[in-house]
Amino acid sequence: AAYLAVYLTKADGSYDSTLWVSGTKTRYLGDLSGWVSAMRASGAADLGFVALAPDLYGGWIAHDGDEAGEMMQNLPAEEGARQLAGAVDWLLARDEVTSQTVGAIGFCMGGGLALVVACQRPDAVAAAAPYYGAIPWESAQPNWSALTATVVGEYAANDGWASPEAARALEA
């Protein structure tokens, strides 16, 4: 399942595409994470992008923060990246999309997965924008040498998970 946002308003019919990746959907926050990705996808569509916000959890929704954390920990990075690679292919195959590549934007764990899919699909992901996204698990590190996408990340100075040190490690 996914949220697709496209508003066919361009006179020339040409559209770039973007992939929005959230960490989890949480009911205790009113499905905030999934909703935010869907709304940001809608905002991207307003700007002329075909935007897709995939559901990496098969419709499951966390009921509290602990359950959301458990869902993220139980989603293997390889599975998330596999689903995102499929979403990239699906986007690029759409008639509305005239670009040959996509941008991947993610938040929290989704930011880490945006980096992973950029490494796994350098042929199709030209830009990655992780917002406080990191990949803290040694076993989930992608092949960084394959990364060809332009990366613009946003990180907070006081974040215990995606710390400034984690952000600097991504630069190396």
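Report follows, based on the coordinates. These numbers were taken from a predicted model, which means no experiment stands behind them. (Residues numbered from 1 in each chain as written. Predicted model: local features only at pLDDT ≥ 70, side-chain atom pairs only at ≥ 80, totals over all residues. Heavy atoms only, no water.)

Here we come to the overall build of the chain. The helix and strand inventory of the chain stands at five helices and six strands. A separation threshold of at least 6 residues defines the contact pool for the chain, and within that pool the share at least 24 residues apart is 68%. A total accessible area of about 8700 Å² is found for the chain, and carbon and sulfur atoms account for 54% of it. (Helix = DSSP H or I, 4+ residues; strand = E, 2+ residues; numbered from the N terminus. Contact = heavy atoms within 4.5 Å. Areas by Shrake-Rupley, 256 points an atom, 1.4 Å probe, with all protein chains shown as cover.)

In this sheet, strand E5 (residues 125-131) lies alongside strand E4 (residues 97-107) in parallel orientation, the contact comprising six bridges. Bridge pairing links Ala104 to Ala128 in E5. Handedness of the β-α-β unit built from E4, helix H4 (residues 109-120) and E5 comes out right-handed. By the bridge criterion, two bridges tie E5 to strand E6 (residues 150-151) in an arrangement that is parallel. Note that in E6 the partner of Ala127 across the bridge is Thr150. (Pairing = 2+ DSSP bridges. Right-handed = clockwise from strand over helix to strand, strands pointing away.)

Turning to the environment of Ala166, a few remarks are in order. Relative to the helices and strands, Ala166 resides in helix H5 (residues 164-171). Sequence separation between Ala166 and Ala134 is 32 residues; the distance between their C-alpha atoms is 6.7 Å. Apart from the residues lying within four places of it in its own chain, the contact partners of Ala166 are Ala134 and Trp161.

The tally for this structure, following the rule as stated, stands at two aromatic pairs. Relative to Tyr131, the ring of Phe107 has its centre 5.0 Å away and its plane inclined at 20°; by these criteria the two rings are stacked. Pair noted here: Phe107 is in strand E4 and Tyr131 is in strand E5, with a separation of 24 residues, a long-range link. For Phe107, a relative accessible area of 10% translates into the label buried. With a relative accessible area of 30%, Tyr131 lands in the partly exposed category. Every member of this aromatic cluster is reached through a ring pair, and the members are Phe107, Tyr131 and Tyr132. (Phe/Tyr/Trp six-rings, centres within 6.5 Å; stacked < 30°, edge-to-face > 60°. Buried < 20%, exposed > 50% of the residue type's maximum accessible area, 1.4 Å probe, protein only.)

A word on the side chain of Arg121. Mapping Arg121 onto the fold places it in the loop between H4 and E5. Beyond its immediate stretch of four places on either side in the chain, Arg121 contacts Ala85, Val88 and Asp89.

Turning our eyes to something else, we now look at the pattern of salt bridges. Tallying each qualifying case throughout the model produces four salt bridges. Residues Asp123 and Arg121 are paired through a salt bridge, measuring 3.1 Å at the closest nitrogen-oxygen approach. Overall, Arg121 belongs to the buried group, its relative accessible area being 15%. A cluster of three or more residues bridged by salt bridges with shared partners is formed by Asp89, Arg121 and Asp123. (Salt bridge = Lys/Arg side-chain N within 4 Å of Asp/Glu carboxyl O.)

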